[in-house]
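Coordinates in review
Residue strings, one per chain:
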Amino acid sequence: QGQLVESGGGLVQPGGSLRLSCVTSGRTFSLDSMGWFRQAPGKEREFVAGVHWSGASSYYADSVKGRFTISRDNAKDTVYLQMNSLKPEDTAVYYCAARKYYSGGVYKVQGMEIWGKGTLVTVSS
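Report on the accompanying structure. For every chain, the first residue of the written sequence is number 1, and numbering continues from 1 along that sequence. Where totals are concerned, whole chains, interfaces and linings use all residues; where local detail is concerned, this predicted model gives features only for residues with pLDDT of at least 70, and gives and counts side-chain atom pairs only at 80 or more. Side-chain measures here rest on the full set of heavy atoms in the structure, leaving out hydrogens and waters.

Below, the discussion takes up the pattern of salt bridges. Here, a salt bridge means any Lys or Arg side-chain nitrogen found within 4 Å of an Asp or Glu carboxyl oxygen. Applying the stated rule across the entire model yields seven salt bridges. A salt bridge links Asp 32 to Arg 27; its shortest N-O distance comes to 2.7 Å. One exposure class covers both Asp 32 and Arg 27, and it is buried. For the salt bridge of Asp 90 with Arg 38, the shortest nitrogen-to-oxygen distance reads 2.9 Å. Of the two residues, Asp 90 is situated in the loop between strand E8 (78-83) and strand E9 (92-100) and Arg 38 in strand E4 (residues 32-39); the sequence distance between them amounts to 52 residues. Taken as a pair, Asp 90 and Arg 38 share a single burial class, namely buried. Through salt bridges with shared partners, a single network forms among Arg 27, Asp 32, Lys 100 and Glu 113. Using a 1.4 Å probe on the protein chains alone, a residue whose accessible area is under 20% of its type maximum counts as buried, one over 50% counts as exposed, and one in between counts as partly exposed. Only DSSP runs of H or I reaching four residues or more are called helices, and only runs of E reaching two or more are called strands; each is numbered from the N terminus.

In structure tokens form, the structure reads like this:
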């Protein structure tokens, strides 16, 4: 089944940047399409960004397009989320998730196979 561990969250001012990392173990990372999701207090978990297992394609929620970038390093079994121009509404717990061999462009919470425990991002002045 494996394990996913996120890191890189913290407190940042509006307009600032953070880079989240998610290291996987116990899985063949190069066969996993990876997604980042987030959950704000009192809200449902939502899709943020996804990257195909080949690295050839990436996908973003409209709310983060142009500000966030997902990338992967198969040599390090790690997926990243670079977050720029952060806004208070980006405040949430951010989770990474994996789904083996997935080739679609729609990443749904119920479709992911395994999840990390999350890292908290707080955007506030």
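Take the packing of aromatic side chains next. Stacked, edge-to-face and tilted are the three classes for Phe, Tyr and Trp ring pairs, Trp counted by its six-membered ring, which pair at centre distances within 6.5 Å; planes under 30 degrees apart are stacked, over 60 edge-to-face, the rest tilted. Under the criterion given, the structure shown has six aromatic pairs. On the basis of an interplanar angle of 40° and a centroid distance of 5.9 Å, the ring pair of Tyr 59 and Tyr 107 is categorised as tilted. Placement of the pair is Tyr 59 in strand E6 (residues 58-60) and Tyr 107 in the loop between E9 and strand E10 (114-115), with a sequence separation of 48 residues. Residue classification places Tyr 59 among the partly exposed positions, given a relative accessible area of 21%. Through successive ring pairs, a cluster of aromatic residues spans Phe 37, Phe 47, Tyr 59, Tyr 95, Tyr 102, Tyr 107 and Trp 115. Look at NZ for Lys and CZ for Arg. If either is within 6 Å of the ring centre and within 35 degrees of the ring normal, a charge sits over the ring. The side chain of Arg 72 reaches across the aromatic face of Phe 29, ending 4.3 Å from its centre.

Because side chains alternate across strand E1 (residues 3-7), one face comprises the buried residues Leu 4 and Glu 6, and the other comprises Gln 3, Val 5 and Ser 7, none of which is buried. At least two bridges found by DSSP between two strands are what make those strands a pair. When E1 meets strand E3 (residues 18-25), the two strands line up antiparallel, connected through five bridges. Considered in E3, the bridge of Gln 3 is made with Ser 25.

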